[in-house]
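Analysis of the macromolecular model
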Amino acid sequence: MTDDLIQNLNFDERGLIPAVIQDVETSEVLMVAWMNRESLGRTLQTGETWFWSRSRQELWHKGATSGNTQKFVELRLDCDGDTLLIKVRPEGPACHTGEKSCFFQKLVDEGSARKSLTLVDTGALDLGILLNDLYEKIAERERTRPEKSYTTYLFTQGLDKILKKVGEEAAETIIAAKNSSNDNLDGLAREQAIRLLASEICDLLYHLVVLMVERGVRLPEIVEELSARIGRPALPKYDTQK
């Protein structure tokens with residue numbers, strides 16, 4: 001029965017399907033994660049949630065390191081067959097920050113929905129999403145090494161080549177920054193100089209992420225270090241495999 005159920009699900013081209021995890025008692029959404037056929041099968045067989053980590057490319061058992069497991073209660077499927085709703089009894093917080101739910105940060109509520117959304121830093125939110133997507137794409141390139149890919153070329157050439165490119169892009173960013181600071185630039189020229197600087201910064205960020213993947217540095221480690229530098233408390237060591 002389990003095999004038949006899994007075979008009828010609409011997994012994406014990577015063999016993954018999103019799973020919304022909900023507290024069976026309170027109906028609160030605890031987290032959203034990804035599953036493949038094996039992790040779903042293990043969830044149904046063991047009675048505790050298992051997921052697939054896209055960044056680490058491996059199965060992970062919720063609560064394996066923290067003890068904050070989730071007891072499986074019920075599985076539901078949406079109308080298109082491409083999203084799972086899994087109801088659980090949580091044994092501790094779902095979020096790696098120690099919060100009960102990963103959705104503890106309120107950005108907009110009913111009272112403020114009609115107000116300007118300028119209070120929400122959508123640019124920062126988009127940047128975080130884009131950096132995560134960029135990291136996953138580069139990590140995928142490192143694993144699969146598709147032909148005619150510049151990223152494949154960098155990984156094939158090795159660390160010295162990657163470091164050389166980081167240095168070159170850093171130098172080009174410095175030059176673009178200096179050019180944009182010219183007091184003699186008119187409005188249009190200054191705007192073009194700023195756009196060029198932004199482009200060079202993007203090139204530098206890309207090569208830095210390539211370096212991160214090559215050296216095994218993950219985005220949560222960067223977030224933890226940045227949080228420490230601006231005085232935010234360090235995140236507790238809960239499950240970090242997501």
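Residues numbered from 1 in each chain as written. Predicted model: local features only at pLDDT ≥ 70, side-chain atom pairs only at ≥ 80, totals over all residues. Heavy atoms only, no water.

1. Quick word on the side chain of glutamine 70
Rules: Each helix corresponds to a stretch of at least 4 residues labelled H or I by DSSP, and each strand to a stretch of at least 2 residues labelled E; elements are numbered beginning at the N terminus. Contacts between residues were defined by any pair of non-hydrogen atoms, one from each residue, lying within 4.5 Å.
Along the chain, glutamine 70 falls in strand β5 (residues 70-77). Look past the residues within four positions of glutamine 70 in its chain and what remains in contact with it is Ile21, Leu30, Met31, Gly47, Glu48, Thr49, Phe51, Lys62, Val88, Arg89, Pro90 and Ala94.

2. Quick notes on the packing of helix α4 (residues 150-157) against helix α6 (residues 187-215)
This is how it is decided: For every element, the axis is a line fit to its C-alpha atoms; helices are fit only across the contacting stretch, and the angle between N-to-C directions ranges from 0 to 180 degrees. For this classification, under 35 degrees means roughly parallel, over 145 means roughly antiparallel, 65 to 115 means roughly perpendicular, and everything else is oblique. Definitions for this section: a left-handed crossing has its near helix turned counterclockwise from the far helix by less than a right angle. A right-handed crossing has that turn clockwise.
Contact geometry of α4 with α6 gives a least axis separation of 11 Å together with a crossing angle of 50 degrees. Between α4 and α6, the crossing angle belongs to the class labelled oblique. You can see that α4 and α6 cross each other, and the crossing is right-handed. Counting all contacts with α4, which are made through Tyr150, Thr151, Leu154 and Phe155, the residues of α6 involved are Tyr206, His207, Val210, Val213 and Glu214.

3. A word on the pairing of strand β4 (residues 58-61)
Inclusion rule: Pairs of strands are assigned from DSSP output, requiring at least two bridges between the strands.
In terms of strand pairing, strand β3 (residues 50-53) meets β4 through four bridges, oriented antiparallel. Bridge pairing in β4 places tryptophan 50 opposite histidine 61. From the end of β3 to the start of β4, which pair antiparallel, there are four residues, and glutamine 57 there has a positive phi angle of about 55 degrees.

4. What about the sheet that holds strand β1 (residues 17-23)?
Judged by pairing direction, the sheet is mixed, and its four strands sit side by side in the order β2-β1-β6-β5 without closing on themselves. Unpaired on one side and paired on the other, β2 (29-35) and β5 mark the two borders of the sheet. Strand-to-strand twist of the sheet, defined as the mean angle between neighbouring strand axes without regard to direction, takes the value 30 degrees. In the sheet, β5 pairs with strand β6 (residues 84-90) via seven bridges, with the strands oriented antiparallel. Pairing of arginine 76 across the sheet is with leucine 85, part of β6. Contacts from helix α2 (residues 37-46) reach β2, β5 and β6, with the element oriented near 120 degrees to β5.

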